[in-house]
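Survey of secondary and tertiary structure
Chain residues, written in single-letter form:
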Amino acid sequence: MGVDDHAINSLKTWFDIAYEDLKNEWKSGQYEKLSDCPSFKATAAYHEAMNVLHNGCNFPEDAEAQLKKELDEELEIENFWKEKQ
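Residues numbered from 1 in each chain as written. Predicted model: local features only at pLDDT ≥ 70, side-chain atom pairs only at ≥ 80, totals over all residues. Heavy atoms only, no water.

1. With respect to the environment of Ser10
Relative to the helices and strands, Ser10 is located in helix 1 (residues 3–27). With 14 residues separating them along the chain, Ser10 and Asn24 place their C-alpha atoms 22 Å apart. (Helix = DSSP H or I, 4+ residues; strand = E, 2+ residues; numbered from the N terminus.)

This is the structure in structure tokens:
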């Protein structure tokens, strides 16, 4: 089991809870569209997160740019404090 499997399993637990809430809300007949249900956004977010972990990042160029920016900023701060010592 890899790191992604652990993350997916953890998300799956929360997805299952949100999905049951969504199912009950939808069955109640109170909502016109599935997306009107209060738990829809959380359920959809967990579902999408699991898909990203299963399939990999949909936008690797964007992810690389964002991660590089974060790493560069963090390394700059670390180097600043290292030089201060």
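2. Looking at the side chain of Thr43
With respect to the secondary-structure elements, Thr43 resides in helix 2 (residues 40–55). Dropping the residues within four chain positions of it, Thr43 is found in contact with Phe15, Ala18, Tyr19 and Leu22. (Contact = heavy atoms within 4.5 Å.)

3. Here's the deal with the side chain of Ser39
With respect to the secondary-structure elements, Ser39 resides in the loop between helix 1 and helix 2. Discounting residues that sit within four places of it in the chain, Ser39 has contacts with Ala18, Asp21, Leu22 and Glu25.

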